[in-house]
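Here is how the chains run, residue by residue.
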Amino acid sequence: MPRVSRLGDAVRAGLERAADPRKAPEMQRYMKSEMPYRGVAKPERAALTKELFAEHVMSDVDELVATTLELWRGAEFREERYVAVDLTGDRRYRAWQNSDLMPLYDEMIVTGAWWDYVDEVAIRRVGPILQAEPEVMTPMMLEWSADADLWRRRTSIICQVGARTDVDTDLLTRTIEANIADKDFFLRKGIGWALRQHSKMDAAWVRAFVDAHPDLSPLSRREARKYL
């Protein structure tokens, strides 16, 4: 049996064993998810993936992508997709994190289409690739900032959260300005979040940005000024 199927089967069996039917409905309600939950909280999922990822090590990047997609596309419970995201971030595969993986992350962002998936992929996968390959990723993020898909646009805005002093403020400015008039909650919240995080590194820049953009929504403005 191919290793991809062995890991997928092991993940599904492990989640079933760890399931808590009492927690599952509340988790689904909180996340407003159409896909049901097993009721496996993050600490229990982390313990499971630590064991399974050590038992089923990917031999190359193609196997990593195939295994991730099998878990992602075949998911019947939301935790299976969480495990797919976890797999891409496993320390064993850090050296494979480059722009060649962007088609995979793009699919996860567009088909995941909710903040729990998108924010993890945007900040912990797309963001580090942007830092490593700005010549490839900056044009892509600018393109995404004007994309029809809401979640690509949110990704372009928040992908530098956590970059600390390495934030490209020109890119941040352009991705925000491309979406500043949009009334969507997740875009407005994302704009505020990105500005708030950067204010920890450069409060003066964020203050000047807010003052120069009176068309920022009240939500974005309030979030941006939280630490000012």
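Here's what I pulled together on the structure shown here.

Scanning the model with the defined rule gives 17 salt bridges in all. The salt bridge involving arginine 12 is made with aspartate 9; its shortest N-O contact spans 3.4 Å. Separated by three residues within a single helix, arginine 12 and aspartate 9 lie in helix H1 (residues 3–18), roughly one turn from each other. Among the residues examined, arginine 12 registers a relative accessible area of 25% and is labelled partly exposed. Put simply, glutamate 120 and arginine 124 hold a salt bridge, and the shortest N to O gap is 3.4 Å. Of this pair, glutamate 120 and arginine 124 are both found in helix H7 (residues 115–132), four residues apart, which corresponds to roughly one turn of the helix. On the basis of relative accessibility, which here comes to 27%, the residue glutamate 120 falls in the partly exposed class. Looking at arginine 124, the relative accessible area reads 55%, which means it is exposed.

With that settled, consider unusual backbone geometry. Phi is positive for alanine 113, close to 50°, though the residue is something other than glycine. Within the secondary structure, alanine 113 sits in the loop between helix H6 (102–112) and H7. Positioned with a positive phi, arginine 164 is a non-glycine residue whose angle comes to about 55°. Relative to the assigned elements, arginine 164 resides in the loop between helix H9 (150–158) and helix H10 (169–177).

Counting through the fold element by element, glutamate 79 comes out in helix H5 (residues 78–88). Buried within the structure, glutamate 79 lacks any salt-bridge partner; its nearest side chain of opposite charge belongs to arginine 38, at an N-O separation of 6.4 Å. Residues within four places of glutamate 79 in sequence aside, it is in contact with Leu15, Met27, Pro36, Tyr37, Arg38, Gly39, Val40 and Arg45.

Orientation of H6 relative to helix H8 (residues 134–145), taken along the N-to-C sense of each, is 20°, at an axis distance of 14 Å. Taken as axis vectors, H6 and H8 run roughly parallel relative to one another. The interaxial crossing formed by H6 with H8 has right-handed handedness. Where H6 abuts H8, its residues Met102, Asp106 and Ile109 lie against Met137, Met140, Met141 and Trp144. Of the residues in the contact of H6 with H8, the class split is six nonpolar, no polar and one charged.

Conventions we followed
- Residues numbered from 1 in each chain as written.
- Predicted model: local features only at pLDDT ≥ 70, side-chain atom pairs only at ≥ 80, totals over all residues.
- Heavy atoms only, no water.
- Salt bridge = Lys/Arg side-chain N within 4 Å of Asp/Glu carboxyl O.
- Helix = DSSP H or I, 4+ residues; strand = E, 2+ residues; numbered from the N terminus.
- Buried < 20%, exposed > 50% of the residue type's maximum accessible area, 1.4 Å probe, protein only.
- Lys, Arg positive; Asp, Glu negative; His and termini not counted.
- Contact = heavy atoms within 4.5 Å.
- Axes fitted to C-alpha atoms, helices over the stretch in contact; angles between N-to-C directions.
- Parallel < 35°, antiparallel > 145°, perpendicular 65-115°, else oblique.
- Left-handed = near helix turned anticlockwise from the far one by under 90°.
- Nonpolar A, V, L, I, M, F, W, Y, C, P; charged D, E, K, R; others polar.

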